[in-house]
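Results of the structural survey
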Amino acid sequence: QDIAARLPKQNRFQERLEDPSRPSWDELARRKQEKLQRENYEEQLNYEYRMQLQADREKRLNKLRKKKSTQAEELGIFPSMPSSDSSSDSSGHKKKSKKKKSKKKRK
């Protein structure tokens with residue numbers, strides 16, 4: 001059978017402590033710090049990548065919006081708003097505002 005299984009627990013513990021491949025506390029602390037730095041770096045890269053994707057998306061949306069509004073203006077579907085009077089359309093006529101009529105119940 002296994003020799004280590006026959007040894008008392010204290011002897012096995014002592015062997016593990018004296019093992020030359022066992023890392024020191026300083027080595028363990030350094031590995032942990034490196035792992036945290038890698039995770040933070042990867043998180044930062046991921047954040048920057050998401051922000052770049054968002055900026056690219058906004059550019060495409062703005063370009064599409066501009067293109068659609070230009071096409072609509074050319075077709076006369078969506079006339080541009082005049083800068084002087086916002087309540088008149090492109091032909092100079094004032095828009096009539098609709099008044100809501102209240103309905104009264106008759107008895």
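Residues numbered from 1 in each chain as written. Predicted model: local features only at pLDDT ≥ 70, side-chain atom pairs only at ≥ 80, totals over all residues. Heavy atoms only, no water.

**Some points on the overall build of the protein**
Helix and strand content of the protein: three helices and zero strands. Across the protein, helices and strands are ordered from the amino to the carboxyl terminus as α-α-α. The buried share of the protein, taken over its 107 residues, is 2%. Just so you have it, the protein exposes about 11,500 Å², and 52% of that area is on carbon and sulfur atoms. (Helix = DSSP H or I, 4+ residues; strand = E, 2+ residues; numbered from the N terminus. Buried < 20%, exposed > 50% of the residue type's maximum accessible area, 1.4 Å probe, protein only. Areas by Shrake-Rupley, 256 points an atom, 1.4 Å probe, with all protein chains shown as cover.)

**Comments concerning the pattern of salt bridges**
Enumeration over the complete set of coordinates arrives at four salt bridges. With a shortest N-O distance of 2.4 Å, Glu27 and Arg30 are connected by a salt bridge. In this pair, Glu27 and Arg30 both sit in helix H3 (residues 25-75), three residues apart, roughly one turn of the helix. A residue is classified by how much of its surface remains accessible, and Glu27, at 23% relative accessible area, is partly exposed. (Salt bridge = Lys/Arg side-chain N within 4 Å of Asp/Glu carboxyl O.)

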